Each structure stands twice: as C-alpha cells, then as structure tokens.
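Letter by letter, the chains look like this.
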Amino acid sequence: MSTETFLPGPDLVAAALPTTLFRFATAGSVDDGKSTLVGRLLHDSKAILADQLDAVARTSADRGFGGEGATGTKAIDLALLTDGLRAEREQGITIDVAYRYFATDRRSFILADCPGHVQYTKNTVTGASTADAVVVLIDARKGVLEQTRRHLSVLQLLRVAHVIVAVNKIDLVDFSEDVFRGIEADVQQVGRELGLGSDGVADLRVIPVSALDGDNVVDRSERTPWYDGPALLEVLETLPAADELESHLESFRFPVQLVIRPQGALAPDAIAGGLDPEAYRDYRAYAGQITEGSVKLGDQVSILTPGQAPRTTTITGIDFAGRELAEAAAPQSVSLRLADEFDVARGDTIAAAGTVRESSADLYAALCWLSPKPLREGSKVLLKHGTRTVQALVRNVTGRLDLASFGLEPTTTLELNDIGHAQLRLAAPLPLENYLHHRRTGAFLVIDPLDGNTLAAGLVNDHPGDHEDERYSI
C-alpha cells in the first residue's frame, strides 16, 4: 500500500487548512539571515508558544547571544526557531528544508526555510517547487551575488507566481536609501534579463528589512522613511495564491495512487462506525490527489495508461473522508468512482476528456541537476512523472545556463547545481505537458536506478520537432 496517500505532507496539510492558505519559501546566500527572518515572522506574529520561546532564550544565552534588541527587550537568536539540527546550530547555517506552520488573522501559512549554501541548492528547488511565493534575501552589505542570480534563475524556471526580494541587514548600512536603491536597481536588471514579471511570473518586489530588529518584517519601520511600501507580512497576506491564479486556466488532472476495492471486507472500526459491508461489496474507486483543475459528478474524463489509447468514461462518485461530494478541486485528496469498469492502476492518470495531447516517448526538458554525479549522454536513469516511474535514456545534453549572461552555452554534461536542457527517450510513452502551462503535471524527477537517489528536478519543454535520433536504444 502506498504511503503517499496517508502521510500528511505539505500538500495534504494544504487540503485540510482553510482556503486562505498561502505557501512560501525563503532563499538566498549563506548568512543572509533567512532563518532569522523566519524566526522574526514567527515571533512577531505571535506564532511561538511561551515555553518554546523560553527554551530559545536559554539556548541563546548559553551561546553568548546577549544584549538588547532595538525595542529594549532581551535579544534572542531567532534563527534557533527554525535551525533545529545539531550541525545547523554548531555551524550557524541551515542545511535541510525546515517547514513551519503559522497563521495571522487574515491567512494561514506554510513556510519552507531553505538553505543558502551552493551545495544545498537542491533543497531550495524542493522548497520552491510547491511555493506560491519565494522570499529571496540579499545582504545589504554584499548586494546581488552569483547565488542570488542562481536562485532567481531557478525561480524563473519553476514559474513561481511571486518573487519578493528582501534586502536584509539594512540596519548595518545605517538604513541608507542609496544602498537600497542601488541593490533594487541591480535586482530589477536581473529580473528583466530573466523575464521575471512576465511569462508565468506575476511580479517582482523589493523590500528593505532588518530581520534582527524587525524593521519592515511584520510592521512598517520608522527608520526607513524613504520606503513607502508595505511590510513583508502585509505583502504575504494579500498576494493571491498560485491556485487562485491558475485554477481557471487548468484542466482536471488526477494521478491514480491506489485502487480501493474492499469487496465487502471493512476494518472493524469502520463497521463500528456504521458502514455496511454489503454496501461496499461491489465498491471500486481510485484514490489520489487532484493536481490541477476541478471535477464534478457527471464530468467526462479520459483514462490515460502508457502504451494504450485514451479511454473515455464518466465520473459517478467523488468520496472524501467518508462522505460524498458533488465537486472537488486541487489540491484535495479524494477517491473517484467511474461509470465503466476499466482496468485502471497506480500510475495511470484520469484527466478531463479532450484536454490531453497524445502520449510521447520523447522528452525535451529543462533540468536542475542536484547530484554530485555528472549527467552524461547515454546514461540510463529512472523518470518519475506523477505516480508513474519509467526507464529513460539521456540521448543528449543541449546546453547549460550561463549565470553571467543567462544564455545557454554548449555542453555535453551537467554538474552539481547546473541548470541545463536535455533530451530523454522513455521506455514507455507518457502524457507529457509543457510545464509553462501545467506547473504540476509538467514536472518530474530523474532518479538513479542503482541507489534510488534523486539526480535532477525536471520541467517538460515543448517538442521541438519530429526528427528522430536512434543512436541509443533502451
């Protein structure tokens, strides 16, 4: 039985929380103050329990973090609210993605605090891949760095709906407007070069903040009178979520995770709860998470199975947590009942009829390479798309992103943290959709078939033509 259906990951938590839920992540270079900013958000939004705050204060004192903050209160190391690993506290860095959940009067949040080191760029890709917005921190004393350009490139590639650049440690440059305006101009220039603000990325904002003292984080600061924009939390509370922006554009997609066929056998607690085993003797449903769009009773859908022509049927039932629904939408996890008894299994996709193009075994993609093992032409890998995993072959590598010019430079290999383009040949055709228009179903993972480690995060590009290159065979 698949654990994907039952483990409460961020997407399943999202389905259970109010519709005002907003997911965002932090990114930036080392020591830019990401964890401190997250701690400040949690602290000033009253999302920290008193005993947790006391424990952080004691640990801060033991580590020699003393003195008074800008408001005259005892200073604490706010980064300790998110950096929980021993290695993180010893080195003063973030290593793993730390998820935190908090709420204000206006919205509930899922926050992913991502590492800044170059070697942990893969964690930033993980945190940003499901985010409605990403807050990129820049040290006001250092300005835009190569890692800043790398992170902004990743966000453009992932089509993140909102990018917020927080120029942190503005207090260490005496709240200088000239320093902030110079960095703001550099950020906007990088944004123009990457195409941020268009083509799938809704906006790019720049805010001066001091995570340590709280300036412009939750409340607007009097120490930056030259900045008349909103504080960071004000922006996060009012931005539309990606689901709100895209829901009316997306067609229904539902990767099948599990076939539910009790055949009259129910768990004792279900029977005790009043369920009739006889009523479920002929029950058959398909469980999973809606990744795009919505579905209603009576909708026509197509069953997509690799190697087979699409089969059309009708939705006759939508079950959720022991009750029937008339309609469901992403990102809800539900079970669907169909009018016809087709052979449907894990790895198949149920989609709105007439909205999916023909499956293809040729995949053209952008790759964020996340492994120290280099990508080479001719390598055999596994490709996980939705709930389906197939064998694949790297036919060629067509280019690598140059972070200085943001153009593609010729290459035949990709190294750790490279962003490049490649062509793969799949052992079985899949219903591949361009990531630009289908953020969830247009994404996939490249996996090492020997040890099961993730090698790359991939985004489907359009097929450039019908030419074939049969230099390799699987």
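Predicted model, so just to flag it, every value in this text is computed and none were measured.

A. Broad picture of the sheet that holds strand 6 (residues 203–208). Here 6 strands make up an open sheet; going across it, the order is 2-3-1-4-5-6 and the pairing mixed. Of all strands in the sheet, those bounded by a partner on one side alone are strand 2 (98–103) and strand 6. Between one strand axis and the next, the sheet turns by 25 degrees as a mean value, whatever way the strands run. Inspection of the sheet shows strand 1 (residues 22–28) paired to strand 3 (residues 108–113) by 5 bridges, in the parallel sense. Residue F24 lies in a different strand from strand 3, and its bridge partner there is L111. This element, helix 7 (residues 177–194), spans strand 4 (133–139), strand 5 (162–168) and strand 6 of the sheet and lies at about 165 degrees to strand 6.

B. Examining the nonpolar core more closely. Formed by 66 residues in total, the largest nonpolar core has its most connected members in F24 and V134. Ranked by residue count, the leading element in this core is strand 4, at 6 residues. Excluding residues that lie within four positions of it along the chain, F24 makes contacts with L41, F102, F109, I110, L111, A112, A131, A133, V135 and L236. Core analysis: the second largest hydrophobic core is formed by 23 residues, W369, V397, A422 and F444 among them.

C. Looking closely at the packing of helix 6 (residues 146–158) against helix 7. Contact geometry of helix 6 with helix 7 gives a least axis separation of 11 Å together with a crossing angle of 40 degrees. Put simply, helix 6 runs oblique to helix 7. The two elements helix 6 and helix 7 cross, and the hand of that crossing is right-handed. Where helix 6 abuts helix 7, its residues R149, L152, S153 and Q156 lie against V190, E193 and L194. Broken down by class, the residue content of the contact of helix 6 with helix 7 amounts to 3 nonpolar, 2 polar and 2 charged.

D. Representation of the packing of aromatic side chains. Within the structure shown, the criterion is met by 7 aromatic pairs. Residues F24 and F102 carry aromatic rings whose centres are separated by 6.4 Å and whose planes lie at 85 degrees to one another, so their mutual orientation is edge-to-face. Pair noted here: F24 is in strand 1 and F102 is in strand 2, with a separation of 78 residues, a long-range link. By the burial criterion, F24 is buried, and F102 matches it. A ring pair is formed by F24 and F109, whose centres lie 5.8 Å apart and whose planes are at 90 degrees; its orientation type is edge-to-face.

E. Just the side chain of T441, in detail. Its location among the elements puts T441 in the loop between strand 22 (419–430) and strand 23 (443–447). Polar side-chain contacts of T441 include one of 2.9 Å to the side chain of E433.

F. View of the side chain of D348. Mapping D348 onto the fold places it in the loop between strand 14 (333–338) and strand 15 (349–352). Here D348 falls in the buried class, since its relative accessible area comes to 2%. Within polar-contact distance, the side chain of D348 engages the side chain of R388 at 3.1 Å. Sequence-distant contacts of D348, defined by excluding residues within four places in its chain, comprise F254, P255, V256, L304, T305, P306, R311, D343, T387 and R388.

G. Structural detail: the environment of S302. On the secondary structure map, S302 appears in strand 10 (residues 300–304). Separated by 48 residues in sequence, S302 and I350 place their C-alpha atoms 5.8 Å apart. Not counting the four nearest positions on each side in its chain, S302 is found in contact with P310, R311, T312, T349, I350, A351, A352, A353 and G354.

H. Quick peek at helix 2 (residues 34–44). Counting buried positions along helix 2 gives 9 out of 11 residues, so the element sits mostly inside the fold. Here helix 2 has its buried residues at K34, S35, T36, L37, V38, G39, R40, L41 and L42. Against strand 1, strand 2, strand 3, strand 4 and helix 8 (232–238) lie the buried residues of helix 2.

I. Molecular detail of the confidence of the model for the protein chain. Residues with a pLDDT of 70 or more make up 78% of the protein chain, whose mean pLDDT is 80. Considering each helix and strand of the protein chain separately, the mean pLDDT is smallest for helix 1 (residues 10–16), with a value of 41, and largest for strand 14, with 95. In this model residues 84–95 is a low-confidence stretch, pLDDT under 50, and it forms 28 contacts with partners more than four residues away in sequence or in other chains. Below a pLDDT of 50 lies the segment residues 466–474, which in the model reaches 22 contacts outside its immediate sequence neighbourhood of four places, other chains included.

J. Structural context of the pairing of strand 16 (residues 360–369). The buried fraction of strand 16 is high, at 9 of 10 residues. Note: strand 16 against strand 22, 8 bridges, orientation antiparallel. Bridge pairing links S360 to L430 in strand 22. Here strand 16 pairs with strand 24 (residues 454–460) via 5 bridges, running antiparallel.

K. Structural detail: the environment of P262. As for its position among the elements, P262 is in the loop between strand 7 (253–260) and helix 10 (268–272). As a C-alpha pair, P262 and R281 span 19 residues in sequence and 6.8 Å in three-dimensional space. Excluding anything up to four places from it in sequence, P262 contacts Y280 and Y283.

Thresholds, definitions, all that
Residues numbered from 1 in each chain as written. Predicted model: local features only at pLDDT ≥ 70, side-chain atom pairs only at ≥ 80, totals over all residues. Heavy atoms only, no water. Pairing = 2+ DSSP bridges. Helix = DSSP H or I, 4+ residues; strand = E, 2+ residues; numbered from the N terminus. Axes fitted to C-alpha atoms, helices over the stretch in contact; angles between N-to-C directions. Contact = heavy atoms within 4.5 Å. Core = buried A, V, L, I, M, F, W, Y, C linked by side-chain atoms within 4.5 Å. Buried < 20%, exposed > 50% of the residue type's maximum accessible area, 1.4 Å probe, protein only. Parallel < 35°, antiparallel > 145°, perpendicular 65-115°, else oblique. Left-handed = near helix turned anticlockwise from the far one by under 90°. Nonpolar A, V, L, I, M, F, W, Y, C, P; charged D, E, K, R; others polar. Phe/Tyr/Trp six-rings, centres within 6.5 Å; stacked < 30°, edge-to-face > 60°. Polar contact = N/O pair within 3.5 Å; in protein donor to acceptor, adjacent residues only side chain to side chain. pLDDT = per-residue confidence, 0-100.

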